[in-house]
Amino acid sequence: MTDLDTFRDQTRAWLADNCPPEMREPVRSDKDVCWGGRRYDPAANPAQAAWLAAMAGKGWTVPDWPTAYGGGGLSPAETKVLREEMAAIRARNPLNSFGISMLGPALLKYGTEEQKLDHLPRIARGEIRWCQGYSEPNAGSDLAGLATSADDDRDDYIVNGQKVWTSYADEADWIFCLVRTSKASKQGGISFVLFDMASPGVSTKPILLISGYSPFCETFFDNVRVPKANRIHDENKGWDVAKYLLGHEREMISGMGLGTGGRNPLVEGAIATVGLDHDGRLADPLLRAQIAQFEVRARAFAAMSERFIDELKAGRAHPAQPSMMKYYGTELNKDRHELAMAAGGSDTLEWESDASRGGAAARAWLRTKANSIEGGTSEVQLGIIAKRILELPGA
Ligand SMILES: Cc1cc2nc3c(=O)[nH]c(=O)nc-3n(C[C@H](O)[C@H](O)[C@H](O)COP(=O)(O)OP(=O)(O)OC[C@H]3O[C@@H](n4cnc5c(N)ncnc54)[C@H](O)[C@@H]3O)c2cc1C
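First, a word on what this report is: a plain description of the structure on this page. (Residues numbered from 1 in each chain as written. Predicted model: local features only at pLDDT ≥ 70, side-chain atom pairs only at ≥ 80, totals over all residues. Heavy atoms only, no water.)

1. Points about the overall build of the protein
(1) Moving on: From N to C terminus, the protein includes 11 helices and 8 strands.
(2) Moving on: By the compact-globule yardstick of 21 Å for 395 residues, the protein fits well, its C-alpha radius of gyration being 22 Å.
(3) Moving on: In terms of principal-axis extent, the alpha carbons of the protein reach across some 75 × 50 × 45 Å.
(4) Moving on: By residue count, 46% of the 395 residues in the protein fall in the buried class.
(5) Moving on: A separation threshold of at least 6 residues defines the contact pool for the protein, and within that pool the share at least 24 residues apart is 69%.
(6) Moving on: Of note, the protein has its 46 positive side-chain charges centred 3 Å away from the centre of its 53 negative side-chain charges. (Helix = DSSP H or I, 4+ residues; strand = E, 2+ residues; numbered from the N terminus. Rg over C-alpha atoms; globule rule 2.2 N^0.38 Å. Buried < 20%, exposed > 50% of the residue type's maximum accessible area, 1.4 Å probe, protein only. Contact = heavy atoms within 4.5 Å. Lys, Arg positive; Asp, Glu negative; His and termini not counted. Charge placed at Lys NZ, Arg CZ, Asp CG, Glu CD.)

Encoded structure:
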């Protein structure tokens, strides 16, 4: 028996003992997802709180981060085993966090030791909920055109300006934010800073989506004082951090293409609507073929995703890969929900009834329309892929 086999056995046994049955059920809505943070109420869902505490206690909310920063210190192979064993029992992700998927990797690469020790363990334990202050009304795809200013005031910056589409800004505790510290050069005048959303001068205004939810905001900064000690990397070098973080954000978003794993809601929904024929196959042959075609694409994507993560961890990823995964994963997820709506028939358009769980299917379908915009649009990803693969200048 290899060390990895032993690790697998121990992990399986630990998960069996520590993953509550409720945390093996599919996530039904955004409210089912644990985001942690100062306003997190463990009493609202004791099973979820127990699962978070158990996983954070092992450092397994971030299994491959060093233990000194609250991680599990697992090797890439062990991390993969943990993921496989969690998938086998359909365990929910114990903690959804922009701190884990976006800021953490950037801090590990660009943060000082003091900054790492300050922020990473709190991210790993889910104590601080983060939001991302990149986009502005006149700086989306052309992100380097951002205008939010950070003026020098001895040990501090004074930040003024507006961000937009800031996901969960009204629920977040801290923000990682791109600010302009020089007008001398577009990319070369940007700095990457962290600050508390409770700082005087920060305000947020939720924006309503077509899904009926308001998961993101306009975010305003009015003379917000930010210590220079909260800047990551050198002044005017924030673009390096921003781009590195975007690669991780795109990897995270591409994961939507993988679906929920385990139980297949697409197939279950189709069975519930059209039923099975006498051979136990989906009764509608056209829908059956469409779902089969989709599943082939989804499995190919899952295999490609697995390979990509291995290459990324080994430092051998092609620079176009995050954009390729982001593009394909989000288009796939949109197709999945289109097909689920078609398979479910007119009932899936229900918006408010109890039977439809408050229109969960329709709202999730509409939400996917934003997948190919958030984290950089599909058109922009195709532009990046063309530049990186063809090695054209100006990437
Ligand atoms: C659900 C959601 C959550 C988000 N969360 C956050 C967040 O938390 N923090 C944050 O900072 N931002 C967030 N965003 C913003 C997101 O990053 C931007 O919407 C995105 O980068 C596009 O910018 P834009 O909306 O300004 O569109 P624009 O840049 O104005 O683009 C408009 C259209 O022009 C096309 N286009 C633009 N430039 C090119 C080009 N060079 N080549 C080809 N086509 C082009 C685009 O593809 C698009 O179709 C979020 C967006 C969404 C939808």
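2. Quick notes on the site of the ligand
(1) Moving on: Ser135, Ser141, Trp165, Thr377 and Glu379 are the nearest of the 18 residues found near the ligand.
(2) Moving on: Here an oxygen atom of the ligand and a backbone polar atom of Ser135 are 2.7 Å apart.
(3) Moving on: Between an oxygen atom of the ligand and a side-chain N or O atom of Ser141, the distance comes to 2.6 Å.
(4) Moving on: A total of 980 Å² of accessible area belongs to the ligand in isolation, and the protein chains cover 65% of it. (Near = heavy atom within 4 Å. Polar contact = N/O pair within 3.5 Å; in protein donor to acceptor, adjacent residues only side chain to side chain. Areas by Shrake-Rupley, 256 points an atom, 1.4 Å probe, with all protein chains shown as cover.)

3. Details of unusual backbone geometry
(1) Moving on: You will see that Tyr168, though not glycine, has its phi angle at about 55°, which is positive.
(2) Moving on: As for its position among the elements, Tyr168 is in the loop between strand S3 (156-167) and strand S4 (174-180).
(3) Moving on: Tyr168 gets classed as buried once you look at its relative accessible area, which sits at 13%.
(4) Moving on: Of note, the phi angle at His233 is positive, near 70°, even though the residue is not glycine.
(5) Moving on: Locating His233 in the fold gives a position in the loop between strand S8 (231-232) and helix H6 (238-254).

4. A word on the state of the cysteines
(1) Moving on: All chains considered together, the criterion is met by 0 disulfides.
(2) Moving on: As a non-bridged cysteine, Cys34 has Cys19 as the owner of its nearest cysteine sulfur, 13 Å distant.
(3) Moving on: Residue Cys34 is classed as buried on the basis of its relative accessible area, which comes to 3%.
(4) Moving on: No disulfide involves Cys217; its nearest neighbouring cysteine sulfur is the one of Cys131, lying 8.2 Å away. (Disulfide = S-S within 2.5 Å.)

5. A short note on the pattern of salt bridges
(1) Moving on: In total, this model carries 25 salt bridges according to the counting rule given.
(2) Moving on: Where Lys80 meets Asp310, a salt bridge forms, and the shortest distance between an N and an O atom there is 2.9 Å. Of this pair, Lys80 sits in helix H3 (residues 76-88) while Asp310 sits in helix H8 (residues 285-313), placing them 230 residues apart in sequence.
(3) Moving on: Note on Lys80: relative accessible area 22%, which makes it partly exposed.
(4) Moving on: Notably, a salt bridge pairs Asp152 with Lys228, separated by 2.9 Å at the nearest N-O pair. Here Asp152, found in strand S2 (residues 149-153), pairs with Lys228, found in the loop between strand S7 (216-227) and S8; they are 76 residues apart in sequence, far enough to count as distant.
(5) Moving on: Given the relative accessible area of 21%, Lys228 is considered partly exposed.
(6) Moving on: The network of salt bridges with shared partners includes Arg8, Arg12, Glu84 and Glu85. (Salt bridge = Lys/Arg side-chain N within 4 Å of Asp/Glu carboxyl O.)

6. Brief notes about the packing of helix H7 (residues 265-274) against H8
(1) Moving on: The contact between H7 and H8 brings their axes to 11 Å, and the two run at 175°. In terms of orientation, H7 and H8 fall into the roughly antiparallel class. Listed contacts from H8 to Leu266, Val267, Ala270 and Val274 of H7 are Leu287, Ile291, Phe294 and Glu295.
(2) Moving on: For the contact of H7 with H8, the per-class residue count stands at 7 nonpolar, no polar and 1 charged. (Axes fitted to C-alpha atoms, helices over the stretch in contact; angles between N-to-C directions. Parallel < 35°, antiparallel > 145°, perpendicular 65-115°, else oblique. Nonpolar A, V, L, I, M, F, W, Y, C, P; charged D, E, K, R; others polar.)

7. Some thoughts on helix H4 (residues 98-110)
(1) Moving on: With 13 residues, H4 extends 17 Å between its outermost C-alpha atoms, agreeing within 8% with the 18 Å of an ideal straight helix rising 1.5 Å per residue.
(2) Moving on: The principal kink in H4, of about 40°, is found at Gly104, preceding the proline Pro105 by one to four residues.
(3) Moving on: Among the 13 residues in H4, 11 count as buried, and that is most of the element.
(4) Moving on: Buried within H4 are the following residues: Phe98, Gly99, Ile100, Ser101, Met102, Leu103, Gly104, Pro105, Ala106, Leu107 and Tyr110.
(5) Moving on: For H4, the side-chain oxygen to backbone nitrogen distance between the N-cap and Gly99 is 3.0 Å, and the N-cap itself is Ser97. (Expected span 1.5 Å × (residues − 1). Bend = angle between axes of the 7 residues up to and from the residue.)

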